[in-house]
Amino acid sequence: MAEAADFQGTSASPARRWLRRTGTLFAGVPLLAGLLQLPAASPADATAQNTRQAPSGAGSVSVSVNSLTPSAPTEGDTVTVSGTVTNKGGKAVTDAHVGLRVGPLLNTRSGIETVARNSDDIQGTVGPEIDDKYSQEFERLTPGVSQPFSISVPADELSLGKNGVYQLTVALSGQTSAQPWEQTLGVRRTFLPWQPEEADKKTRTTFLWPLISTVHTTAETGSDEQQTPVLRDDDLAKEISPGGRLDRMVALGKDLDVTWVIDPDLLASVDAMTESYEVRSEGDTTTAGRHQAVAKRWLAQVQSAVADNEVVALPFGDPDLASLAHNGTPVTGSLSHLKEATDVVVNTVEPILHVKPTTDFAWPVNGAVDPSIVKVATSAGADKVIARSDSFRETGNLPYTPSAARPIGGGTTAVVADARLSTLFQGDMTKASTSTSTVQRFLAQSLTLSLQTGRQRSVVVAPQRTPSASQARTMAEVLKAVQDGNWSESQDLTAAAKAKPDPAATTEVPSASSYPSSLRKQELPQSAFEQIARTQDKLDKFQVILSDPSRVVTPFGRALNRGMSVSWRGRIAEAATYRSGVEAYLDGLLDQVKLIEKSETKLSGRSATIPVTVQNNLVQGVEHLTLRLTSTNPTRLEIDGAAYEEQPVTVSGGHSQSVKFTTSANANGRATVIAQLYTQDGQKYGEPVTFDVKVTEITATVMLVIGGGVLLLVLAGFRMYTQRKRAAAREAQEGHTLDGGTEGPQNPDAPAVRLTKEPEDGSETDAPEQPSDPASDTAPESADPSDTGERVDR
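Calculation rules
- Residues numbered from 1 in each chain as written.
- Predicted model: local features only at pLDDT ≥ 70, side-chain atom pairs only at ≥ 80, totals over all residues.
- Heavy atoms only, no water.
- Phe/Tyr/Trp six-rings, centres within 6.5 Å; stacked < 30°, edge-to-face > 60°.
- Helix = DSSP H or I, 4+ residues; strand = E, 2+ residues; numbered from the N terminus.
- Buried < 20%, exposed > 50% of the residue type's maximum accessible area, 1.4 Å probe, protein only.
- Salt bridge = Lys/Arg side-chain N within 4 Å of Asp/Glu carboxyl O.
- Core = buried A, V, L, I, M, F, W, Y, C linked by side-chain atoms within 4.5 Å.
- Contact = heavy atoms within 4.5 Å.

## Here we look at the packing of aromatic side chains
Okay, step 1: Applying the stated criterion across every chain, the model contains 6 aromatic pairs.
Okay, step 2: Aromatic pair F207 and F442: ring centres 6.4 Å apart, planes at 45°, arrangement tilted. Separated by 235 residues along the polypeptide, F207 in strand 8 (residues 203–211) and F442 in helix 14 (residues 432–450) bring together distant segments of the chain. Each of the two residues, F207 as well as F442, counts as buried.
Okay, step 3: Both rings, one in F556 and one in Y585, keep their centres 5.6 Å apart while their planes meet at 20°; by these two values the pair is stacked. In this pair, F556 is assigned in helix 19 (residues 550–562) and Y585 in helix 20 (residues 572–590), connecting sequence segments 29 residues apart.

See below:
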């Protein structure tokens, strides 16, 4: 019994040997003598005994299969298996060799998954080793050192029987100083699909080839005529550059029969990069983009690649349908964004790719659906929803995998992708061993599915949205092998959706409670849709005043679509930053059209004109605005004879416009006035400007005083005029008297006769004014009242 508990590849422990020997002694000397007379077991017998007892866990030597060609051999082919063996134990392995072992036929898809999960477990069945001549020997495997191997064997030598998937095991056998007999120290199981002849009814396989990226373009554009776009980063240039992820997707997919699934936002962003564009850098600065040639090259390659294949275009920005269904529908207007994102698809894709896309498919994240997701997905016009079989589970205990198309009511078809095939490419495919394992596993699943029944079925493969370059390479290897195989043929997605549904397949949409909690945790919150709705309200108010609304509506509308993209899953904080940036930029544009602040205004009459200035710092003109000036105290100050007055406003880009309002005062004191802009639908626009008007009313008494003053000035002027006239007459009379005096010659040296008496203090006395003296510089003031056009201070 103690021996039966031992494992292959191990020897009995010293304690167990001591117990066995002690028990033998207690059993009696005759028994001990009989045992001593038995011949010693040979190492070969020990190995045979240990082989019958399976080990647990991985062995001390790691075996990797880096390539298996051909992936699906047929008669006459030579199968070549290459890889490495690595001694991970603490002791050297000697007399080792790598051989191939063909295991039993795997008849079920679940059986394939079980083998894949335990591919390096030496405890499982490995089967007999084929001829020794198809092996590779290693004299010594040093701990921690890897050594390559490559074994080629004709397919006829593998003893493959009927069609199906066989387990192919690469096993390393050897010995160590602690266990000096041959034993299996490491294995690696893979799959060998065997279908040497073409099947009578091939499985029709649809493979989705996604061209989708994250959000790169902002709502910001330049003020130039071309509206130079601004990208939030330069990562898109890396993806489309030679060797980049999207570059590899196009290069690998162009030779495959696939259905291209494209986000129009990606095409629009790359198309914008073909001309002048800016890239957001640190702070509020931007730098000029320099990848125009790369963008043009990539778009040309896409045009060529999709020319002969179906193109399915998702709504612009690839909106998160599940987030919208679960968190967005309570917010008014959220579904309208999905409709807009769908409506712009054709005008985005067709001018760039020169093909008419299919727009009636919706693709929720991971194909997970519930009734609300289906309702939202079809609200924008899609009548086909791409689901996945791990969400849309079969409930009828079918012994085979049904076709993808399922009518789910209301004229809607669920196209259920196969989960096992679709999720195979999500691992790290940078290692050759992982990639090879995935290829063989996919082929094994595909062939087993095909052999389940004599029915011809349509199968859809929907991989992850953004495969890496290495994942894309593995996908391409799988597709090439499947398309070259004898059991499958290609089919586009529209044909798969139209295929005759399997009558036994489930058509019931999963309940909301069955939606995966892991996916629900990644959804955009309701606050995200509330912010999008708030930004849309501001955009609606802004566009009605613009002379060219398209310059604003288009970039902001598409930015709002991007704000609820699937690509934000797992990046909630980054998504919030993007949405806030869109809203802040729109607020900045809104603030470019505003009223100029005013200080206190003084009114020095019963009526006056008050100017209010509207400033437009936008490049384009604004119109359809109304400026309302309101008096908060109309009993003291009226605006055009009422409490308020409205006037239309039109301002050219980069200019200001003063709007004048006629006011009338009824009493002295301060009156508060409010100026507010309104859109043509009566919505307030911008912040109001409030200022005080100080009224100084002119009464009748004041008018009498002013009139008396004017009268005094007139009388004073008349008196001055008469005095001047009298003085002139007196002077003329005195001159006549002097001319008619004593006759005789005059003494020229005699002093002149003074006509005025000199003052006693010796000071000079001004001569009386003469008629020839110049007139006064100041004219008499008018007593007429001020007119209504009098200018007032701000």
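Now that the structure has been shown, we can carry on.
## Side note on the pattern of salt bridges
Okay, step 1: Per the stated rule, a full pass over the model turns up 28 salt bridges.
Okay, step 2: K339 is the partner of D343 in a salt bridge, and the nearest nitrogen-oxygen pair spans 2.9 Å. Pair noted here: D343 and K339 are both in helix 10 (residues 334–343), with a separation of 4 residues, about one helical turn.
Okay, step 3: Classification of D343 by relative accessible area gives partly exposed; the value is 43%.
Okay, step 4: Note on K339: relative accessible area 37%, which makes it partly exposed.
Okay, step 5: We note a salt bridge from D390 to R388, for which the minimum N-O separation is 2.9 Å.
Okay, step 6: Given a relative accessible area of 10%, R388 falls into the buried group.
Okay, step 7: Among the ionic contacts, a cluster of salt bridges with common partners joins R232, D233, R571 and E574.

## Some remarks on the nonpolar core
Okay, step 1: One finds F542 and L627 to be the most contacted residues of the largest nonpolar core, which totals 77 residues.
Okay, step 2: Leaving out residues up to four positions away in the same chain, L627 has contacts with L595, V612, V614, E645, E646, Q647, V649, V659, F661, A675, Q676 and L677.
Okay, step 3: In terms of nonpolar packing, the next biggest core, distinct from the first, is built from 59 residues, I112, Y277, F442 and A481 among them.

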